[in-house]
Amino acid sequence: AQSVTQLGSHVSVSEGALVLLRCNYSSSVPPYLFWYVQYPNQGLQLLLKYTTGATLVKGINGFEAEFKKSETSFHLTKPSAHMSDAAEYFCAVSGPYTGGGNKLTFGTGTQLKVEL
Amino acid sequence: EAGVTQSPTHLIKTRGQQATLRCSPISGHTSVYWYQQALGLGLQFLLWYDEGEERNRGNFPPRFSGRQFPNYSSELNVNALELEDSALYLCASSFGGSGNTIYFGEGSWLTVV
(Lines give C-alpha, C1' and ligand atoms only; values in the text may rest on other atoms or scores of the structure.)
Protein backbone atom coordinates (compact mmCIF):
# COMPACT_ATOMS: atom_id res chain seq x y z
CA ALA A 1 0.00 0.00 0.00
CA GLN A 2 1.10 3.53 -0.65
CA SER A 3 1.30 6.21 1.99
CA VAL A 4 2.44 9.79 2.41
CA THR A 5 3.87 11.53 5.46
CA GLN A 6 3.92 15.29 5.69
CA LEU A 7 6.17 16.53 8.48
CA GLY A 8 4.74 19.53 10.25
CA SER A 9 1.02 20.17 10.27
CA HIS A 10 1.69 23.90 10.62
CA VAL A 11 4.56 25.88 9.13
CA SER A 12 5.06 29.60 9.62
CA VAL A 13 7.43 31.74 7.53
CA SER A 14 8.06 35.43 7.07
CA GLU A 15 7.15 37.10 3.83
CA GLY A 16 10.14 36.82 1.49
CA ALA A 17 11.60 33.81 3.29
CA LEU A 18 12.14 30.35 1.87
CA VAL A 19 9.19 27.98 1.99
CA LEU A 20 9.99 24.30 2.59
CA LEU A 21 7.19 21.80 3.03
CA ARG A 22 8.26 18.21 3.59
CA CYS A 23 6.77 15.09 2.07
CA ASN A 24 7.97 11.52 2.30
CA TYR A 25 6.26 8.63 0.58
CA SER A 26 6.10 4.91 0.84
CA SER A 27 5.50 2.89 -2.26
CA SER A 28 6.53 -0.52 -3.54
CA VAL A 29 6.67 0.77 -7.08
CA PRO A 30 7.96 4.01 -8.56
CA PRO A 31 5.16 6.41 -7.71
CA TYR A 32 3.52 9.39 -9.24
CA LEU A 33 3.73 12.33 -6.86
CA PHE A 34 1.63 15.46 -6.60
CA TRP A 35 1.35 18.65 -4.59
CA TYR A 36 -2.02 20.32 -4.27
CA VAL A 37 -2.97 23.59 -2.57
CA GLN A 38 -6.29 24.33 -0.90
CA TYR A 39 -7.36 27.86 -0.10
CA PRO A 40 -10.07 28.36 2.54
CA ASN A 41 -13.44 27.01 1.53
CA GLN A 42 -12.21 25.93 -1.89
CA GLY A 43 -11.31 22.74 -3.69
CA LEU A 44 -7.83 21.51 -4.46
CA GLN A 45 -5.62 23.06 -7.07
CA LEU A 46 -2.68 21.21 -8.59
CA LEU A 47 0.67 22.90 -7.97
CA LEU A 48 2.89 20.35 -9.69
CA LYS A 49 3.35 16.66 -10.35
CA TYR A 50 6.09 14.14 -11.00
CA THR A 51 5.50 11.09 -13.14
CA THR A 52 8.70 10.32 -15.02
CA GLY A 53 11.70 12.16 -16.38
CA ALA A 54 13.36 15.15 -14.78
CA THR A 55 13.34 14.87 -11.01
CA LEU A 56 13.15 18.63 -10.42
CA VAL A 57 9.62 19.70 -11.21
CA LYS A 58 8.50 23.29 -11.56
CA GLY A 59 4.94 24.22 -10.86
CA ILE A 60 2.70 27.22 -10.68
CA ASN A 61 3.16 30.29 -8.48
CA GLY A 62 6.93 29.81 -8.26
CA PHE A 63 6.81 26.45 -6.47
CA GLU A 64 9.04 23.53 -7.29
CA ALA A 65 9.70 20.05 -5.90
CA GLU A 66 12.45 17.49 -6.31
CA PHE A 67 11.85 13.76 -6.43
CA LYS A 68 14.59 11.99 -4.50
CA LYS A 69 14.19 8.26 -4.80
CA SER A 70 17.03 7.48 -2.39
CA GLU A 71 15.34 9.56 0.31
CA THR A 72 11.76 8.69 -0.74
CA SER A 73 11.03 12.39 -0.59
CA PHE A 74 9.23 15.00 -2.64
CA HIS A 75 9.67 18.25 -0.71
CA LEU A 76 7.99 21.43 -1.94
CA THR A 77 9.94 24.68 -2.00
CA LYS A 78 9.52 28.30 -2.97
CA PRO A 79 12.41 30.76 -2.73
CA SER A 80 10.39 33.71 -1.47
CA ALA A 81 7.07 33.44 0.33
CA HIS A 82 4.21 35.79 -0.44
CA MET A 83 1.19 36.54 1.70
CA SER A 84 -1.01 34.93 -0.94
CA ASP A 85 0.75 31.59 -0.39
CA ALA A 86 -1.02 31.14 2.93
CA ALA A 87 -3.08 27.99 2.45
CA GLU A 88 -3.09 24.28 3.17
CA TYR A 89 -0.80 22.12 1.10
CA PHE A 90 -1.28 18.43 0.41
CA CYS A 91 1.22 15.93 -0.91
CA ALA A 92 -0.26 12.91 -2.68
CA VAL A 93 0.90 9.69 -4.27
CA SER A 94 -0.70 7.47 -6.88
CA GLY A 95 -0.04 4.63 -9.28
CA PRO A 96 1.10 3.33 -11.53
CA TYR A 97 -1.68 0.84 -11.50
CA THR A 98 -1.93 -1.93 -14.01
CA GLY A 99 -5.63 -1.27 -14.22
CA GLY A 100 -5.17 2.41 -14.87
CA GLY A 101 -6.73 5.12 -12.80
CA ASN A 102 -5.30 7.71 -10.50
CA LYS A 103 -6.55 7.05 -7.00
CA LEU A 104 -4.68 9.53 -4.87
CA THR A 105 -3.47 8.84 -1.36
CA PHE A 106 -3.03 12.12 0.47
CA GLY A 107 -0.87 13.24 3.31
CA THR A 108 -2.49 14.95 6.27
CA GLY A 109 -1.67 18.39 4.96
CA THR A 110 0.50 21.29 6.04
CA GLN A 111 -1.04 24.64 6.90
CA LEU A 112 1.29 27.40 5.71
CA LYS A 113 1.13 30.75 7.49
CA VAL A 114 2.97 33.73 6.03
CA GLU A 115 3.73 36.59 8.38
CA LEU A 116 4.76 40.15 7.64
CA GLU B 1 -13.27 25.43 -20.66
CA ALA B 2 -15.38 24.58 -17.65
CA GLY B 3 -13.73 22.81 -14.76
CA VAL B 4 -15.22 20.14 -12.55
CA THR B 5 -18.57 21.38 -11.29
CA GLN B 6 -20.38 20.15 -8.22
CA SER B 7 -23.85 20.72 -6.83
CA PRO B 8 -25.20 21.64 -4.45
CA THR B 9 -22.61 23.86 -2.81
CA HIS B 10 -24.15 23.38 0.59
CA LEU B 11 -26.61 20.80 1.85
CA ILE B 12 -28.15 20.41 5.29
CA LYS B 13 -29.79 17.12 6.15
CA THR B 14 -31.20 15.46 9.23
CA ARG B 15 -29.69 12.30 10.67
CA GLY B 16 -31.20 9.26 8.99
CA GLN B 17 -32.03 11.05 5.73
CA GLN B 18 -30.39 10.52 2.35
CA ALA B 19 -28.14 12.98 0.53
CA THR B 20 -27.35 13.12 -3.17
CA LEU B 21 -24.39 15.06 -4.50
CA ARG B 22 -23.71 15.63 -8.16
CA CYS B 23 -20.61 16.14 -10.25
CA SER B 24 -19.88 17.05 -13.86
CA PRO B 25 -16.34 16.26 -14.99
CA ILE B 26 -14.19 18.25 -17.34
CA SER B 27 -15.20 17.63 -20.93
CA GLY B 28 -13.39 14.56 -22.28
CA HIS B 29 -12.55 13.10 -18.89
CA THR B 30 -13.87 9.59 -18.36
CA SER B 31 -12.76 9.04 -14.78
CA VAL B 32 -14.53 10.54 -11.79
CA TYR B 33 -13.32 10.31 -8.20
CA TRP B 34 -15.04 11.16 -4.94
CA TYR B 35 -13.18 12.16 -1.78
CA GLN B 36 -14.39 13.02 1.69
CA GLN B 37 -12.66 15.78 3.66
CA ALA B 38 -13.91 15.63 7.21
CA LEU B 39 -12.55 17.81 9.98
CA GLY B 40 -9.58 16.15 11.55
CA LEU B 41 -9.63 13.17 9.18
CA GLY B 42 -7.96 14.58 6.10
CA LEU B 43 -8.78 13.61 2.54
CA GLN B 44 -10.17 10.12 2.26
CA PHE B 45 -10.75 8.31 -1.06
CA LEU B 46 -14.37 7.22 -1.48
CA LEU B 47 -15.03 5.98 -5.01
CA TRP B 48 -13.56 5.88 -8.50
CA TYR B 49 -15.70 5.52 -11.62
CA ASP B 50 -14.46 5.07 -15.13
CA GLU B 51 -16.49 4.47 -18.30
CA GLY B 52 -19.62 3.98 -16.22
CA GLU B 53 -18.18 1.31 -13.96
CA GLU B 54 -17.11 1.43 -10.32
CA ARG B 55 -13.39 0.65 -10.43
CA ASN B 56 -12.32 1.10 -6.84
CA ARG B 57 -13.81 1.85 -3.48
CA GLY B 58 -12.33 3.24 -0.30
CA ASN B 59 -12.91 2.02 3.22
CA PHE B 60 -16.43 3.34 3.62
CA PRO B 61 -19.67 1.52 4.52
CA PRO B 62 -22.10 0.43 1.79
CA ARG B 63 -24.45 3.31 2.57
CA PHE B 64 -22.01 5.39 0.54
CA SER B 65 -22.74 4.61 -3.08
CA GLY B 66 -22.81 6.28 -6.44
CA ARG B 67 -22.94 5.91 -10.13
CA GLN B 68 -21.59 7.34 -13.33
CA PHE B 69 -23.89 8.22 -16.17
CA PRO B 70 -23.29 7.77 -19.92
CA ASN B 71 -22.24 11.43 -20.19
CA TYR B 72 -19.59 10.68 -17.47
CA SER B 73 -21.27 12.84 -14.85
CA SER B 74 -21.63 11.22 -11.48
CA GLU B 75 -23.64 11.31 -8.31
CA LEU B 76 -22.77 10.26 -4.81
CA ASN B 77 -25.50 8.98 -2.54
CA VAL B 78 -25.19 8.76 1.20
CA ASN B 79 -27.98 6.84 2.90
CA ALA B 80 -28.96 6.75 6.56
CA LEU B 81 -26.96 9.88 7.30
CA GLU B 82 -24.96 10.05 10.49
CA LEU B 83 -23.57 13.13 12.21
CA GLU B 84 -20.02 12.09 11.32
CA ASP B 85 -20.89 12.22 7.62
CA SER B 86 -20.70 16.00 7.88
CA ALA B 87 -17.82 16.93 5.61
CA LEU B 88 -16.70 18.53 2.39
CA TYR B 89 -17.19 16.09 -0.47
CA LEU B 90 -14.83 16.67 -3.35
CA CYS B 91 -15.32 15.35 -6.84
CA ALA B 92 -12.41 15.11 -9.25
CA SER B 93 -11.93 13.99 -12.82
CA SER B 94 -9.16 12.92 -15.16
CA PHE B 95 -8.51 11.20 -18.42
CA GLY B 96 -8.26 7.46 -18.01
CA GLY B 97 -4.89 5.91 -17.31
CA SER B 98 -2.23 6.32 -14.70
CA GLY B 99 -0.33 9.53 -14.19
CA ASN B 100 -2.89 11.87 -15.69
CA THR B 101 -3.62 14.99 -13.70
CA ILE B 102 -6.65 14.88 -11.48
CA TYR B 103 -8.65 18.09 -11.35
CA PHE B 104 -10.87 18.87 -8.39
CA GLY B 105 -14.13 20.70 -8.07
CA GLU B 106 -14.96 23.22 -5.37
CA GLY B 107 -16.76 20.62 -3.31
CA SER B 108 -20.14 20.16 -1.69
CA TRP B 109 -20.51 20.88 2.00
CA LEU B 110 -22.77 18.36 3.70
CA THR B 111 -23.97 19.14 7.19
CA VAL B 112 -25.91 16.51 9.10
CA VAL B 113 -27.90 17.74 12.09
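As a convention, each chain's residues are numbered from 1 in the sequence order in which they are written. For this description, chains carry letters from A and ligands carry numbers from 1, given in the order in which they are written. Given that the model is predicted, a residue must reach a pLDDT of at least 70 before its local features are reported, and side-chain atom pairs must reach 80 or more before they are shown or counted; all residues, however, enter totals for whole chains, interfaces and linings. The basis for every side-chain value is the complete set of non-hydrogen atoms in the structure, without hydrogens or water.

**What about the sheet that holds strand β3 (residues 19-24) of chain B?**
All names here are of chain B.
- In this analysis, strands are considered paired if DSSP registers two or more bridges between them. Secondary structure elements are taken from DSSP: a helix is a run of H or I of four residues or more, a strand is a run of E of two residues or more, and numbering for both begins at the N terminus. Read across the sheet, four strands follow the order β1-β3-β8-β7 without closing on themselves; strand pairing throughout is antiparallel. One side of each edge strand has no neighbouring strand; the edge strands of this open sheet are β1 (5-7) and β7 (64-68). On average, adjacent strands in this sheet sit at an angle of 15 degrees to one another, irrespective of strand direction.
- Relative to strand β8 (residues 74-78), β7 runs antiparallel, the two being bridged by five bridges. When the bridges of β8 are listed, R67 appears paired with E75. Between the N-to-C directions of two axes lies an angle of 0 to 180 degrees, each axis being a line fitted to C-alpha atoms and, for a helix, fitted only over the stretch in contact.

**Quick notes on the nonpolar core**
- Core analysis: the largest hydrophobic core is formed by 27 residues, its most contacted members being W35(A), L48(A), L76(A) and Y89(A).
- For this core, the secondary-structure elements that each account for two or more residues are β2 (10-14), β3 (19-21), β5 (32-38), β6 (44-50), β8 (64-68), β9 (73-78), β10 (87-94) and β12 (110-115) of chain A.
- Sorting elements by how many residues they give to this core places β10(A) first, with four residues.
- In this analysis, two residues are considered to be in contact whenever any of their non-hydrogen atoms come within 4.5 Å of each other. Setting aside its immediate chain neighbours within four residues, L76(A) contacts V19(A), L20(A), L21(A), W35(A), L47(A), L48(A), F63(A), E64(A), A65(A) and Y89(A).
- I26(B), Y49(B), A87(B) and L110(B) belong to the second-largest nonpolar core, a separate cluster that totals 22 residues. The criterion is simple. A nonpolar core is a set of buried Ala, Val, Leu, Ile, Met, Phe, Trp, Tyr and Cys residues joined through side-chain atoms within 4.5 Å. We call a residue buried when its accessible area falls under 20% of the maximum for its residue type, exposed when it is over 50%, and partly exposed in between, using a 1.4 Å probe and counting protein chains only.

**Comments concerning the layout of surface pockets**
- Buriedness for pockets is judged along seven lines, at least five of which must meet protein on both sides within 12 Å for an open set on the 1 Å grid over protein atoms alone, while cavities are sets there where a 1.4 Å probe fits but cannot get out, and lining residues have an atom within 4 Å of a point. Grid points are joined across faces, edges and corners, and a volume is the space filled by probe spheres set on the points. Its boundaries defined by the atoms lining it, the largest pocket holds a volume of some 480 Å³.
- Forming the boundary of the largest pocket are 21 residues, of which Q38(A), E88(A), F90(A), Q37(B) and L39(B) lie nearest the centre.
- Of all the secondary structure elements, the ones that give two or more residues to the lining of the largest pocket are β10 of chain A together with β4 (31-38) and β9 (87-94) of chain B.
- Here the lining of the largest pocket gets three residues from one element, more than from any other, and that element is β10(A).
- Only Asp, Glu, Lys and Arg are considered charged, only Ala, Val, Leu, Ile, Met, Phe, Trp, Tyr, Cys and Pro nonpolar, and every remaining residue, Gly among them, polar. Taken together, the residues of the lining of the largest pocket break down into 11 nonpolar, nine polar and one charged.

**A few points about the pattern of salt bridges**
- Within this document, salt bridges are pairs made up of a side-chain nitrogen of Lys or Arg and a carboxyl oxygen of Asp or Glu, the two lying within 4 Å of each other. Across all of its chains, the model carries six salt bridges over all chains by this definition.
- E115(A) is the salt-bridge partner of K113(A), the closest N and O atoms lying 3.7 Å from each other.
- For E115(A), a relative accessible area of 34% gives the class partly exposed.
- The salt bridge involving R67(B) is made with E75(B); its shortest N-O contact spans 3.0 Å.
- Counted as one network, the salt bridges with shared partners bring together R63(B), E82(B) and D85(B).

**Some words on the interface of chain B and chain A**
- The interface of chain B with chain A comprises 21 residues on the first partner and 20 residues on the second.
- By convention, the term buried area covers the 1.4 Å-probe accessible surface removed from two parts as they join, with the contributions of both added. Carbon and sulfur atoms supply 55% of the area that chain B and chain A bury against each other, a total of about 1,700 Å² over both sides.
- Joining chain B to chain A, the criterion identifies zero salt bridges.
- Identification of polar contacts relies on pairs of N or O atoms within 3.5 Å, with a donor-acceptor requirement for protein atoms, meaning one able to donate a hydrogen and the other able to accept it, and with residues adjacent in sequence counted only if both atoms are side-chain atoms. Here chain B and chain A share four residue pairs in polar contact (both at pLDDT 80 or more) between them.
- Of all the secondary structure elements, the ones that give two or more residues to the side of chain B that touches chain A are β4, β5 (42-50) and β9 of chain B.
- Within the side of chain B that touches chain A, the residues separate by chemical class into 11 nonpolar, nine polar and one charged.

Purely geometric stuff here, so don't read any function into it on its own.
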